[in-house]
Amino acid sequence: ETGVTQSPTHLIKTRGQQVTLRCSSQSGHNTVSWYQQALGQGPQFIFQYYREEENGRGNFPPRFSGLQFPNYSSELNVNALELDDSALYLCASSNTGANYGYTFGSGTRLTVV
Amino acid sequence: AQSVSQHNHHVILSEAASLELGCNYSYGGTVNLFWYVQYPGQHLQLLLKYFSGDPLVKGIKGFEAEFIKSKFSFNLRKPSVQWSDTAEYFCAVNLGDAGNMLTFGGGTRLMVKP
């Protein structure tokens, strides 16, 4: 089975810019969640997508948005980047009813300068 | 809001030593509990999970965890660590009524000296 793949692996952006991160879910998984992991901290839940709709959101502002496509892949978009957005962004896929069998990707390291 | 605390931020052990990593959560309702491991340069991997039933849960690579409801704890244990267990360990909680969202602790970085 394929795992979760994320692209790009590393990215440097300037404050105020916009960024799009991509995630391909594991084969057979229909739900995608995004997490932000700041340096030295645990991952924090951003939001989850199921059937192409947002299905739960953490404490993140509206400039964090996402999409899920019919093939269950997903994008995370962040507008008006701030320095504090520098973090590792993790994508996790799962299948509803699979008792939270999350599979995590290796993440995208975003640096905002 | 619920929170998860991992009190040990850094742990250094010698090979064959026993390991116990603490995890406490703050939520009075039904919870699902997880331990994840992140080896250097790799993605988060599930070590074990607890949903219901026997509070002593066995996971991969010889790890186990015990859910103690009265203490709101889910500590991770391993009787004898190996150098290959060097990694960062994360406890995570899902509230029974909060969909699939996981709340993670801050992590414990374990270094095992050969």
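Residues numbered from 1 in each chain as written. Chains lettered and ligands numbered in written order. Predicted model: local features only at pLDDT ≥ 70, side-chain atom pairs only at ≥ 80, totals over all residues. Heavy atoms only, no water.

(A) How the structure looks around the overall build of chain A. Counting its regular elements, chain A contains zero helices and 11 strands. Taking 13 Å as the expected radius of gyration for a compact globule of 113 residues, we find that chain A reaches 13 Å, a close match to that expectation. Referenced to the eigenvectors of the C-alpha coordinate spread, the extents of chain A come out at roughly 40 × 25 × 25 Å. Put simply, chain A has 113 residues, and 49% of those count as buried. Sequence separation of 24 or more characterises 53% of the internal contacts of chain A that already satisfy a separation of 6 or more. For chain A, the computed accessible surface area is about 5400 Å², with 46% contributed by carbon and sulfur atoms. (Helix = DSSP H or I, 4+ residues; strand = E, 2+ residues; numbered from the N terminus. Rg over C-alpha atoms; globule rule 2.2 N^0.38 Å. Buried < 20%, exposed > 50% of the residue type's maximum accessible area, 1.4 Å probe, protein only. Contact = heavy atoms within 4.5 Å. Areas by Shrake-Rupley, 256 points an atom, 1.4 Å probe, with all protein chains shown as cover.)

(B) Up close: the overall build of chain B. Within chain B, the secondary structure is distributed over zero helices and 12 strands. Sequence-ordered secondary structure for chain B, helices as α and strands as β, is β-β-β-β-β-β-β-β-β-β-β-β. Based on the C-alpha atoms only, the size of chain B along its principal axes is roughly 45 × 25 × 20 Å. Across the 114 residues in chain B, those meeting the buried criterion constitute 46%. For chain B, the share of sequence-separated contacts (at least 6 apart) that also reach a separation of at least 24 residues comes to 56%. Here chain B displays about 5400 Å² of accessible surface, and carbon together with sulfur accounts for 54% of that area. Each charge class in chain B was averaged separately, 9 positive and 8 negative side chains, and the resulting centres sit 1 Å apart. (Lys, Arg positive; Asp, Glu negative; His and termini not counted. Charge placed at Lys NZ, Arg CZ, Asp CG, Glu CD.)

(C) Representation of the pattern of salt bridges within the structure. Residue and element names in this part refer to chain B. All chains considered together, the criterion is met by nine salt bridges over all chains. Note that arginine 109 is salt-bridged to glutamate 88, the shortest N-O span being 3.1 Å. Note that arginine 109 is positioned in strand 12 (residues 108–113) and glutamate 88 in strand 10 (residues 87–95), a separation of 21 residues in sequence. Its relative accessible area of 11% is what places glutamate 88 among the buried residues. (Salt bridge = Lys/Arg side-chain N within 4 Å of Asp/Glu carboxyl O.)

(D) A look at the side chain of serine 25 of chain A. Residues and elements named next belong to chain A. Here serine 25 is to be found in the loop between strand 3 (19–24) and strand 4 (31–37). Taking the relative accessible area as the measure of exposure, serine 25 reaches 14% and is therefore buried. Apart from the residues lying within four places of it in its own chain, the contact partners of serine 25 are Gly3, Val32, Asn71, Tyr72, Ser73 and Ser93.

(E) Seen up close, the state of the cysteines. Residue and element names in this part refer to chain A. Taken as a whole, this structure holds two disulfides over all chains when the rule is applied. Here cysteine 23 is linked by a disulfide to cysteine 91, with a sulfur-sulfur distance of 1.9 Å. Residues cysteine 23 and cysteine 91 are joined by a disulfide whose S-S torsion is about -65°; by sign, that bridge is left-handed. Linking cysteine 23 in strand 3 with cysteine 91 in strand 9 (residues 87–94), this pair joins segments that are 68 residues apart in sequence. (Disulfide = S-S within 2.5 Å.)

(F) Looking closely at unusual backbone geometry. At the junction of serine 7 of chain A and proline 8 of chain A, the peptide bond is cis and its omega measures out at -10° in the coordinates. Of note in this structure, alanine 16 of chain B is not a glycine but carries a positive phi near 80°. Inspection of the secondary structure puts alanine 16 of chain B in the loop between strand 2 (10–14) and strand 3 (19–21). When its relative accessible area of 54% is taken as the criterion, alanine 16 of chain B is described as exposed. A positive phi angle is found at phenylalanine 72 of chain B, which is not glycine, with a value near 50°.

(G) View of the nonpolar core. Leu33, Trp35, Leu47, Leu48, Phe74, Leu76 and Tyr89 of chain B are the most contacted members of the largest nonpolar core, which has 29 residues in total. Listed by contribution, the elements that provide at least two residues to this core are strand 2, strand 3, strand 5 (31–38), strand 6 (45–50), strand 8 (64–68), strand 9 (73–78), strand 10 and strand 12 of chain B. It is strand 10 of chain B that contributes the most residues to this core, five residues altogether. In this view, phenylalanine 74 of chain B contacts Cys23, Leu33, Phe34, Trp35, Leu48, Tyr50, Ala65, Glu66 and Phe67 of chain B; residues no more than four positions away in its chain are not counted. Core analysis: the second largest hydrophobic core is formed by 19 residues, Val19, Phe47, Tyr49 and Phe64 of chain A among them. (Core = buried A, V, L, I, M, F, W, Y, C linked by side-chain atoms within 4.5 Å.)

Function-wise, these values are silent; they only describe arrangement.
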